[in-house]
Amino acid sequence: MILSSVLACVDGCDVAQPICGAHAPGDVVIGILLPCHRKVKAVQERIKPESYYCSDFDLPSFLKSLAIIHEIEQINAAGFLPGVRLGYLMCDTCSYASKALQNVGHMLAVNGSLNVECNYTDFRPTTKIILGALYSEESVALARLLNVYMVPLLSSTSSSAELSDKLRYPVFMRTIPSDTHQTKALTKMMHHYHWNWVGVVYGDDEYGKAAFQSFFRDAEENHVCLAYQEVLPHYLDHSSSEQRIQQVAQKIRSSSAQVVLLILKAELVEVLFKEMIRTNTSKTWIASDAWSRSWSLAKMDGINSVGDILGFTFVVGKSESFDNYLKNLTATPGGYNHFIEEYKYLRFNCSTECFSNKPPNYCPSPDLLKIKSGNACSFKEPGEQNDDYLVTDVDTSETFLNRVAVWAVANALKKLLKCNSSSCSGEINFPPWKLLKELKEVKFKLDNQNFYFDKNGDFVNGYDLIIWKKYGHHRRFHRTGRYHVIDEKIELLENVIWLATGNITTPQSRCSESCPRGWVKKILNVSCCYNCTKCVEGTYSDGLDLNFCKKCPNGSWSLKGWDHCQPRKESYLRWRDPHPIAMMAAAAFGILLLLVTLVIFLVYRDSPPMKRAEVRLSCVMMAGLAVSFASVLCFMGKPNVHLCRARQVMYAMGFTLCVSCILVKAYRTFLAFLPFGQITNRQLHRLYKPPVIVILITTLQGIICLLWLIWDSPDVDDTPPSPQSMKNIIQCSEGKRYIGFGIMLSYIALLALIGFLLAFKGRKVPQEFSETGYIIFSMLMYLFVWVCFIPVYITTNEEGTPVQASAILVSSYGIIFCHFLPKCYEALWGSNTNTLERILRRWRVFSSESLDSETCTDTYIDILGMNTPSQKSDRFSLSSTSTIPKSEVSPTPSKVSPTDSGLVEIHKPCEKSYSYALSNRLGTKVTWRRRSISF
């Protein structure tokens, strides 16, 4: 008899009695619509409007209904509404919207019927509010019907964003956030773990479709792409369910996406997981709120082989009083609860035949047989038995929001019924719309948390992020974070240990590898499939997988592939750097060397080497070189317009002065030893005016520099730095067109070249007579240095300043070492004998008859002396400081000692040639030629 009555309730509780499966009387009755069973049998074969037959007892939903009943009893026992007792009427929706609508007719019936009226303002059914339903599809259908009567519908699980529309669903309210927030939380979690390549499987019901559309919009905003999107029939008995599950399972296995979001009911996920377990497929599964805390899934055989499971769930909380209630399950006094009877039948009734190989048809499914107690067959009265199975093996904290819903109703009733600490004075039989009005404005506190409804009738209390941890062969739910709805941020409480990696390393699911800092994405076909390219100069990327490079702020720069910007470093010859210190030391040493050389020249000014070196010209040369050395100091430090101009003018004038003196020396030797015809000789002789030549040459350089400063003056270079360099090179620009700079250097080079050619022409003249060797080497060094300088200066703009300073130092030192130091050596350690006079003694003068005329001899003497002495003078000058007796050049032949034998060739302007024999002992002839004399 017990079995038949329970089965009658299971198959159709509304047939056996005029009310639903659980009821307790009260002054204000609260309706409860929850699915104590998972499905309606053979719904696809239904033709007649007969009763619905339900199957597969749903233990988690049964717990939710018990939580509501328990909280109602707690409120009654506490006297929260003085003088008012809350009752309840609970019906089973069997997870089917049409069944839920049928139940609403029973709940709202007045005197056994539901009359059709034009105005329901004064409609006063016994049931004032309905708590439910479990799924959004049911809530959508119920809310549309209840809109007619304005009976409030308060759900703790229906999360579809569609239900937030108060124009279409004004009576619907819920103690959870909308799926709009859940999908944002899901996409932000995926973004946090760098998952941008995910698959989505959703049901074809209202909940699945709405949640998927919301997720699709949020995924684009968070750069999450869909590898695939598959739809499953929301009802298990659908004819194509099995085939579609096979197809979807194959798609999941073949896809490269390692993360799969399942927006499905728990029973659909269970069937899909069985296929994954059978094929040994492991992925990272993201759970929607519909199954994120599914007890039946966590207890599945082989659940540990499917991979990591995580998702967001609504706020939960344990209640000790509720746990104690579950340990002593009984119907409310004065009422009944057929669902408790069915649970106890499944738990404690002896059904050994159901465990056989061929169980009878009335036996529950194998999953429900797991509920069976091991001591079931030892109990005589199953309906009287209790244990702690619901507390230890089922997560009771998930019922927290169902309890919150009851307290929301109680607080709204307290205000509506005008209750104080002793009584409630308001009308008890009120129309439901008045309770709806108060419910929208209610604010209360429970378990140290504040609760209220927003303008859409939703709670904004956020979500808990949970991961399914291994617990033996099954799973348990572990809270690892929280999502705050108001500021839309995820708060992680601890690092997750992933099954896929075995540690805290997050499994990857990306279409392309992540672009590091300094790189950005170059999108291919899908926004998540891309190549990585470096940020160009002047831009940067300071995050992973950025779409665009950021531009550096003013005053900063970045190189290619940088993840930050920084100010460019100013580059110039700083006083404290090694290279400038070395150049300054070299310039100072050069000036010191010039001072020492000047002292030696002045002290030994009467010595033959110094007389030949022209002390006065050499002193002028030293002054020019000192200015040239000093110009190197202007190359140091941070350039400004004054330093830029001063250093070029100082070098130009100083070195020109030095080279002009060298040119005078070369010209003097050229005139003395390489004479031309008599007329040309006298013309060139008249041009030899050293002071005038030096002043004229230097003045011309001054004019060049003046015009340069006026028309194209040197200034600080304002050329932007190279994009590939982090150096801001502060240096001087020698004018916009470099014409003045080029003319200045070319002018000095021309003077050096002329001096070199004049000295090279007289290269065979003995060194004792001239400085041709010194001039040749010093000018060669100068020309070589500056010929090397020009291409280096042009090609390496960054090193132009130190290169020019170095060139100035090297060319100046070249003149010191090639021109002055040899003279100093001769003066300090050379022979004291007058070398010139020793050589001239070797000459054998000839008789005046052998010469064409006296004029010829006198002219030659005059050129050697570099002046114009009278023809009667007894001496003539070879240089300005050395004289030779005129008798020494008498044409009378004389003998030459063996030690003085040798060949001396001196060019003369004579027209005839004469030959004379030297010493008979040497057997040497003396021959006068037209242009030379040979000894």
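Rules of the game
- Residues numbered from 1 in each chain as written.
- Predicted model: local features only at pLDDT ≥ 70, side-chain atom pairs only at ≥ 80, totals over all residues.
- Heavy atoms only, no water.
- Pairing = 2+ DSSP bridges.
- Helix = DSSP H or I, 4+ residues; strand = E, 2+ residues; numbered from the N terminus.
- Axes fitted to C-alpha atoms, helices over the stretch in contact; angles between N-to-C directions.
- Disulfide = S-S within 2.5 Å.
- Buried < 20%, exposed > 50% of the residue type's maximum accessible area, 1.4 Å probe, protein only.
- Salt bridge = Lys/Arg side-chain N within 4 Å of Asp/Glu carboxyl O.
- Phe/Tyr/Trp six-rings, centres within 6.5 Å; stacked < 30°, edge-to-face > 60°.
- Lys NZ or Arg CZ within 6 Å of the ring centre and 35° of its normal.
- Patch = residues over 30% accessible without salt bridge, like charges linked within 9 Å, V, L, I, M, F, W, Y side chains within 5 Å.
- Areas by Shrake-Rupley, 256 points an atom, 1.4 Å probe, with all protein chains shown as cover.
- Parallel < 35°, antiparallel > 145°, perpendicular 65-115°, else oblique.
- Left-handed = near helix turned anticlockwise from the far one by under 90°.
- Contact = heavy atoms within 4.5 Å.
- Nonpolar A, V, L, I, M, F, W, Y, C, P; charged D, E, K, R; others polar.
- pLDDT = per-residue confidence, 0-100.

Where strand 17 (residues 463-471) lies against strand 18 (residues 474-484), nine bridges are found, and the strand directions are antiparallel. Along strand 18, the bridge assignment pairs Tyr463 with Tyr483. Counting the residues in the hairpin turn of strand 17 and strand 18 gives two residues, including Gly472, whose phi is positive at 70 degrees.

Moving on: the pairing of strand 19 (residues 489-492). As judged from the four bridges shared by strand 18 and strand 19, these two strands associate in the antiparallel manner. Looking at the pairing, Tyr483 lines up with Ile490 of strand 19. The turn joining strand 18 and strand 19, which pair antiparallel and follow one another in sequence, is formed by four residues; a positive phi near 55 degrees is taken by Glu488.

With that out of the way, let us pick up the sheet that holds strand 18. Reading across from one edge, 10-9-11-12-13-17-18-19 is the order of the eight strands in this open sheet, with mixed pairing throughout. Single-partner strands in this sheet number two, and they are strand 10 (225-232) and strand 19. When strand polarity is set aside, the average angle formed by the axes of neighbouring strands in this sheet is 25 degrees. Judged from the seven bridges that link them, strand 9 (residues 197-203) and strand 10 form a sheet pairing that is parallel.

Attention now goes to the state of the cysteines. A full pass over the atoms with the stated rule returns eleven disulfides. In this model, Cys20 is linked to Cys91 through a disulfide, with the two sulfur atoms separated by 1.3 Å. Judged by the sign of its S-S torsion, about 80 degrees, the bond between Cys20 and Cys91 is right-handed. Remark: Cys91 occurs in strand 5 (residues 86-92) and Cys20 occurs in the loop between helix 1 (2-16) and strand 1 (22-24); sequence separation between them is 71 residues. You'll find Cys20 and Cys91 in the same group, each marked buried. The side chain of Cys644 participates in a disulfide bridge whose partner is Cys732; the two sulfur atoms lie 1.9 Å from each other.

Taken in spatial order, the seven strands of this open sheet run 8-7-6-2-5-1-14, and their pairing is mixed. Each edge of the open sheet is held by one strand with a lone partner, namely strand 8 (172-174) and strand 14 (336-337). As paired elements, strand 2 (residues 28-34) and strand 6 (residues 127-132) share five bridges and run parallel to each other. Of the residues in strand 6, the one forming a bridge with Val29 is Thr127.

This part is about the pattern of salt bridges. Pairing between side chains of opposite charge can happen when their charged atoms approach one another. Inspection of every chain in the model, using the stated rule, returns 24 salt bridges. Where Glu162 meets Arg168, a salt bridge forms, and the shortest distance between an N and an O atom there is 3.4 Å. Taking relative accessible area as the criterion, Arg168 reaches 37% and is therefore assigned partly exposed. The shortest N-O distance in the salt bridge between Arg278 and Glu275 comes to 2.4 Å. Note that Arg278 and Glu275 are positioned in helix 8 (residues 266-278) at a spacing of three residues, about one turn of the helix. Each of Arg144, Glu162, Asp165 and Arg168 takes part in a single network of salt bridges with overlapping partners.

Once that is clear, we can look at the packing of aromatic side chains. What the rule picks out here adds up to 37 aromatic pairs. Summarising the aromatic geometry, the rings of Phe312 and Tyr463 are spaced 6.2 Å apart at their centres and angled 65 degrees between planes, so their arrangement reads as edge-to-face. Here Tyr463 lies in strand 17 and Phe312 lies in strand 13 (residues 307-314), a separation of 151 residues in the sequence. Look at Tyr463 and you get buried, because its relative accessible area is 0%. Taken together, the ring pairs in this structure connect Phe273, Trp285, Trp291, Trp468 and Phe477 into an aromatic cluster. The ring of Tyr135 has Lys265 lying over it, and the distance from NZ or CZ to the ring centre is 4.5 Å.

A word on a nonpolar patch on the surface. Taken together, the side chains of Val599, Val603, Tyr604, Tyr825, Leu828 and Trp829 present a nonpolar region at the surface, about 650 Å² in accessible area. Secondary-structure elements contributing two or more residues to the nonpolar patch are helix 16 (578-603) and helix 24 (800-829). Ranked by residue count, the leading element in the nonpolar patch is helix 24, at three residues. In this structure, Val599 sits in helix 16.

One way to put it is that helix 2 (residues 59-78) packs onto helix 10 (residues 320-327) with a least axis distance of 10 Å and a crossing angle of 110 degrees. When the axes of helix 2 and helix 10 are compared, the pair comes out roughly perpendicular. Like other packed secondary-structure pairs, helix 2 and helix 10 cross with a definite hand, here right-handed. In this structure, helix 2 contributes Leu63, Leu66, Ala67, Ile69, His70, Glu73 and Gln74 to the contact, and helix 10 contributes Ser321, Phe322, Tyr325 and Leu326. Residue classes in the contact of helix 2 with helix 10 are distributed as seven nonpolar, three polar and one charged.

Bringing the confidence of the model for the chain into the picture now. Caution applies to low-pLDDT parts of the model: their predicted coordinates are not meant to be read in detail. In this model, the chain carries an average pLDDT of 82, and 84% of its residues clear a pLDDT of 70 or more. When pLDDT is averaged over each element of the chain, strand 7 (residues 153-155) comes out on top at 97 and strand 33 (residues 932-934) at the bottom at 30. Across residues 1-18, confidence stays below pLDDT 50; counting only partners more than four residues off in sequence or on other chains, it has 27 contacts. Below a pLDDT of 50 lies the segment residues 831-935, which in the model reaches 200 contacts outside its immediate sequence neighbourhood of four places, other chains included.

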